[in-house]
Amino acid sequence: MLLKKLPLLFICICYTANADILLTPNVSGVQEPVQKNIVSTLNVSIQDLPQPIDASQAQNFYDYSHDTVYDSIAPYGYFQPKIQKNLIKSDEKWQLYYAITPGPKTHIIAIDFHLTGEGAQEPGLQTLTPPLHVGDVFLSENYEKFKTSLIEEANALGYIKANFSRHEVLINRKKNTAIIYLTLDTGPRYYFGVLSFSPTPLNRKFLNRFVPFKQGEAYSADKLYQLQTDLTNSNYFKSISAVPDLNADNPQHQVPVKVKLKMRPKQEYILGAGYGTDTGPRATLGSNWNYVNQNGDRFNTLLRISQVQSTALAKYIIPGSHPLTDQYNLNASIQTNSINQGSSNLKQVGAGYTLSRGYWQRNFNLSYQVERFSFFNNPYQTSHLLLPGIGTQYLRANDPLFPTEGYRFNVNFMAAKEGVLSDTNLAQTKVSTKWIHSFTPKQMVLLRGDFGYTAVHDLNMLPLSLSFFTGGAQSVRGYGYNVMGPGRYLLVGSAEYRYRVKENWYAATFFDMGNAFNNFPTARHATWQSRVDAYYQLLERGAGVGVVWKSPVGPMELTLAKAMTTPGHPNRVQFNMGADL
């Protein structure tokens, strides 16, 4: 009978011996951030063990974990800690306990810091003072950061072979003192040498506009990286490789740079189809000439067709002195609009200039347009306008496609003068802003506002394309596309709250309000409160809920909204996609 039970007993013993062990470190006796660093370091070491962890590996880790704990305390100035360990085993869950008495902190009693080499008198290096002082607690993090900043600054100044001829810290554990010895030998200064590009259809004069340095200038890895980044962002090239020859043998210490470029296709095509609750079925067809000639000029065409608006556009782009930030363009378009309030046919030609600096972008443009339009089935009339305009945009976001922090501000102004290729006096301003902020990794709020005003000599001569409209998935939800308007005033406000439910999925709730109208309510003896109430009643309001998917091409949002100011509060399902800013 006993022999019959032995195989089962053997299986049970083997299973227990090979059971996966879960090691959990627990640390007491020290405060943050020391405690957090110890636990984090131990967890990393546990993860580096062969998986799954068996009993012998767990016991061996515990026996030799003293040094890991000590190394995690030392960076905070404790070099004489007392560490008491305890191991509690409970099936597969083993608890590692460390009771720590950190002991006295180690203080700096002397700092011996020197610069040697060709750059010893370099002001940029001499102004870098150690974040360490006699009497301070020795923190190895500050010491290492200072070393890194010295090397980075030396490299940025052209001393690419700078190194520490001496870098040591003498710790006296009995006296709890530290002496720092640090000597940076800059070595010789290096300079940019000959810059060569692989053959491309673009001429050398144009390529030189991307180069942020000149031959003979102090070598900088940052400027070389900027060259590669700017060439990548130019969208002319499929791949870029900028390789310096740091071992070039010449008495002037010049560094030749070879840039290898692979061009994108000369012409690319755009073809797309889709459906939107605002536009209905839609189709897109276009072509992009990535370079027309050796000067880097571009030519783009685009045809968009939908039930409410169709556009044919052609644009010729001429790079400026700084191709990434300065551009000129010549453009022409034909556009048809068909909405409930009216329809129009617009022909336009124009020229523009765009200047970008940091987060700011400025646009200067001049266009001439002829528009045949009709409102509310009235007879068609024709508008001729010469419109000079200027626009400014500020855009800052932590992600171009799905920002969780960001801000956008746009202001645009255009005007026309009767008799100067225009048949009416007109001035129009539009201001748009949007703010996105995340309170926690799961919660964010989006606030949006739009204001527009048109001063026009004859309201009947304000064409449909320049009249304000609102309503739809991208303005006041719960209402149809552009059902509010036309008007010479525009007011829109929106607040939306999103909560991340799972990975790339968010639940949303929102409140929108706005309208497009021709006159504000007025009253001679109205109080401030009555005026605010009148303005509020002027605005249509929509509220609802939605679901947002963080897709690879940006957010896609499906909403269900109520038209709060419409009798019966009808519901409307709407869909919107595109970058939030």
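In this text, all values refer to a predicted model and were calculated from it rather than measured experimentally.

Criteria and thresholds
Residues numbered from 1 in each chain as written. Predicted model: local features only at pLDDT ≥ 70, side-chain atom pairs only at ≥ 80, totals over all residues. Heavy atoms only, no water. Pairing = 2+ DSSP bridges. Helix = DSSP H or I, 4+ residues; strand = E, 2+ residues; numbered from the N terminus. Axes fitted to C-alpha atoms, helices over the stretch in contact; angles between N-to-C directions. 1 Å grid on protein atoms, 1.4 Å probe; cavity = no way out; pocket = protein on both sides within 12 Å on 5 of 7 lines; lining within 4 Å. Points joined across faces, edges and corners; volume = space filled by probe spheres on them. Nonpolar A, V, L, I, M, F, W, Y, C, P; charged D, E, K, R; others polar.

### Brief notes about the sheet that holds strand β7 (residues 191–197)
Item 1. Ordered in space as β7-β9-β8, the three strands form an open sheet in which the pairing is mixed. At either end of the open sheet lies a strand with only one pairing partner, and these are β7 and β8 (237–244). Geometrically, the sheet is characterised by an average inter-axis angle of 20° between neighbouring strands, direction not taken into account.
Item 2. By the bridge criterion, five bridges tie β7 to strand β9 (residues 254–263) in an arrangement that is parallel. Opposite Ser196, over in β9, you have Lys258 as the bridge partner.

### Observations concerning the layout of surface pockets
Item 1. Taken as a whole, the second largest pocket spans an internal volume of roughly 500 Å³.
Item 2. Taken together, 22 residues line the second largest pocket, and the ones lying closest to its centre are Asn233, Ser234, Asn235, Arg298 and Gln327.
Item 3. With three residues, the single largest contributor to the lining of the second largest pocket is strand β15 (residues 342–357).
Item 4. For the lining of the second largest pocket, a count of residues per class yields five nonpolar, twelve polar and five charged.

### Structural notes on unusual backbone geometry
Item 1. Here Glu32 and Pro33 are connected by a cis peptide whose omega angle stands at 0°.
Item 2. With respect to the helices and strands, the residue Pro33 is situated in the loop between β1 (22–28) and α2 (34–47).
Item 3. Here the residue pair Gln51 and Pro52 is connected by a cis peptide bond, since its omega of -5° sits within 30 degrees of zero.
Item 4. Mapping Pro52 onto the fold places it in the loop between α2 and α3 (55–63).
Item 5. The backbone of His253 sits at a positive phi, close to 55°, despite the residue not being glycine.
Item 6. Looking at where His253 falls in the secondary structure, it is placed in the loop between β8 and β9.

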